[in-house]
Amino acid sequence: MSAQPMASSNPAFSRNEAFGARGAVASSQALSDNDLQSMYNRPSAGSQDTERMTYEDTITKTGLGFALLLVAAVISWVATPVLPFLFILGAIAGFVLGLVNTFKKEPSAPLILAFGAAQGLFVGGISSMFEVIYPGIVTQAVLATLVVVVVTLLLFKSGKIRASKKATKVFLIAMVGYGVFSLVNLGMMIFGGTDQAFGMRSASISILGIDLKLGVVIGILAVLMAAYSLVLDFDFIQKGVNNRLPRKYGWSGAFGIMMTVVWLYVELLRIFALTRE
């Protein structure tokens with residue numbers, strides 16, 4: 001998400017003299033005391049007036065995306081026992097829409113909302129199946145996801161954690177490694193390389209004399225990566241607001257947070273499932 005253009009490279013800012021020093025000086029020279037007092041008494045302009053990205057507008061967009069995701073999740077939860085392929089369609093559609101939205105130069109509200117709906121079908125379906133096998137696991141995963149999101153947000157807001165170039169490079173390398181492992185593991189499960197429910201994740205390893213599932217260790221690392229991904233999402237939103245990006249980039253912030261939270265939830269769901277094996 002942090003790769004989206006900031007104000008310095010956005011034509012809406014760089015080509016508009018109102019954002020340059022000369023424009024700022026010119027706009028303040030002819031103002032009388034009465035004009036200044038009148039401007040001071042006006043209500044603060046919102047995103048509707050400025051057409052610029054704001055925290056409030058981004059929160060609204062994010063809430064709308066999650067509302068659609070939850071509605072789709074409830075539908076899939078109820079329908080999965082009868083239509084077990086529904087969550088697979090949601091997973092495929094979510095994957096495709098995720099790629100489209102990630103590489104699209106300009107954010108598209110309909111595509112991002114469609115992504116939220118597709119992810120809802122996937123999350124609702126897989127949650128329904130896990131709940132049948134491991135009763136109570138969905139509640140655990142939901143609460144754990146909320147805790148991670150809230151703690152990460154509070155730490156970011158307090159300034160205790162911030163995105164950095166070095167940390168982001170490590171994050172990207174770790175993501176590549178995690179992606180390769182996940183693809184290899186999926187291939188082994190599909191082509192019979194393993195008969196374990198979670199493939200190589202079900203293998204046991206010993207750390208400091210403690211026997212753990214490999215999937216639990218990898219899952220914890222994935223949760224840490226997802227938490228840092230949230231930091232990158234929050235950082236994008238903060239920079240977008242500070243740099244006065246166009247209002248539409250609020251959808252980019254919403255997309256990033258939805259994608260990260262779904263990833264975080266699935267990882268936690270899998271961790272809890274592995275601990276019950």
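Structural data are supplied above this passage.
Here we summarise the structure given alongside this text. (Residues numbered from 1 in each chain as written. Predicted model: local features only at pLDDT ≥ 70, side-chain atom pairs only at ≥ 80, totals over all residues. Heavy atoms only, no water.)

When helices and strands are counted, the chain shows 11 helices and 2 strands. Secondary structure elements of the chain occur, N-terminal to C-terminal, as α-α-α-α-α-α-α-α-α-β-β-α-α. Taken across its 277 residues, the chain has 40% of its residues classed as buried. Long-range pairs, those at least 24 residues apart, make up 78% of the contacts in the chain between residues at least 6 apart in sequence. Split by element, the accessible area of the chain, about 15800 Å² in all, is 69% carbon and sulfur. (Helix = DSSP H or I, 4+ residues; strand = E, 2+ residues; numbered from the N terminus. Buried < 20%, exposed > 50% of the residue type's maximum accessible area, 1.4 Å probe, protein only. Contact = heavy atoms within 4.5 Å. Areas by Shrake-Rupley, 256 points an atom, 1.4 Å probe, with all protein chains shown as cover.)

This paragraph deals with the pattern of salt bridges. The full count for this structure, using the stated rule, is 6 salt bridges. D57 is the salt-bridge partner of R247, the closest N and O atoms lying 3.1 Å from each other. Within this pair, whereas R247 is found in the loop between α10 (214-242) and α11 (250-275), its partner D57 is found in helix α5 (residues 55-79), the two being separated by 190 residues in sequence. Of the two residues examined, R247 and D57, each falls in the buried class. Taking the shortest distance from any N to any O, the salt bridge between K248 and E106 comes out at 2.5 Å. Note that K248 is positioned in the loop between α10 and α11 and E106 in the loop between α6 (86-103) and α7 (109-133), a separation of 142 residues in sequence. Connected via shared salt-bridge partners are E51, D57, K61 and R247. (Salt bridge = Lys/Arg side-chain N within 4 Å of Asp/Glu carboxyl O.)

Before going further, it helps to examine the packing of α7 against α11. Relative orientation of the contacting elements α7 and α11 amounts to 10°, with a least axis distance of 10 Å. Regarding the angle of α7 to α11, the classification is roughly parallel. Contacts between α7 and α11 involve A109, I112, L113, F115, G116, Q119, F122, V123, I126, S127 and F130 from the first element and W251, S252, F255, M258, M259, V262, Y265, V266, L269 and A273 from the second. Classifying every residue of the contact of α7 with α11 by side-chain character gives 17 nonpolar, 4 polar and no charged. (Axes fitted to C-alpha atoms, helices over the stretch in contact; angles between N-to-C directions. Parallel < 35°, antiparallel > 145°, perpendicular 65-115°, else oblique. Nonpolar A, V, L, I, M, F, W, Y, C, P; charged D, E, K, R; others polar.)

Let us now look at the nonpolar core. Nonpolar side chains in soluble globular proteins tend to be buried together. In this structure, M53, F130, I137, L264, Y265 and L269 are the most contacted members of the largest nonpolar core, which totals 48 residues. Mapped by element, the contributors of at least two residues to this core are α7, α8 (137-158), α9 (165-190), α10 and α11. Broken down by element, this core gets its largest block of residues, 15 residues, from α10. When neighbours within four sequence positions are excluded, Y265 is seen to be in contact with V123, S127, V138, A141, V142 and T145. Membership of the second largest hydrophobic core comes to 7 residues, among which are L97, F115, W251 and F255. (Core = buried A, V, L, I, M, F, W, Y, C linked by side-chain atoms within 4.5 Å.)

Side chains of V82, L83, F85, I88, L89, I92, F95, V96, L99, V100 and F103 sit close together on the surface and give an oily, nonpolar patch of about 1100 Å² of accessible area. Its place among the elements puts L99 in helix α6. Residue classification places L99 among the partly exposed residues on the basis of a relative accessible area of 40%. (Patch = residues over 30% accessible without salt bridge, like charges linked within 9 Å, V, L, I, M, F, W, Y side chains within 5 Å.)

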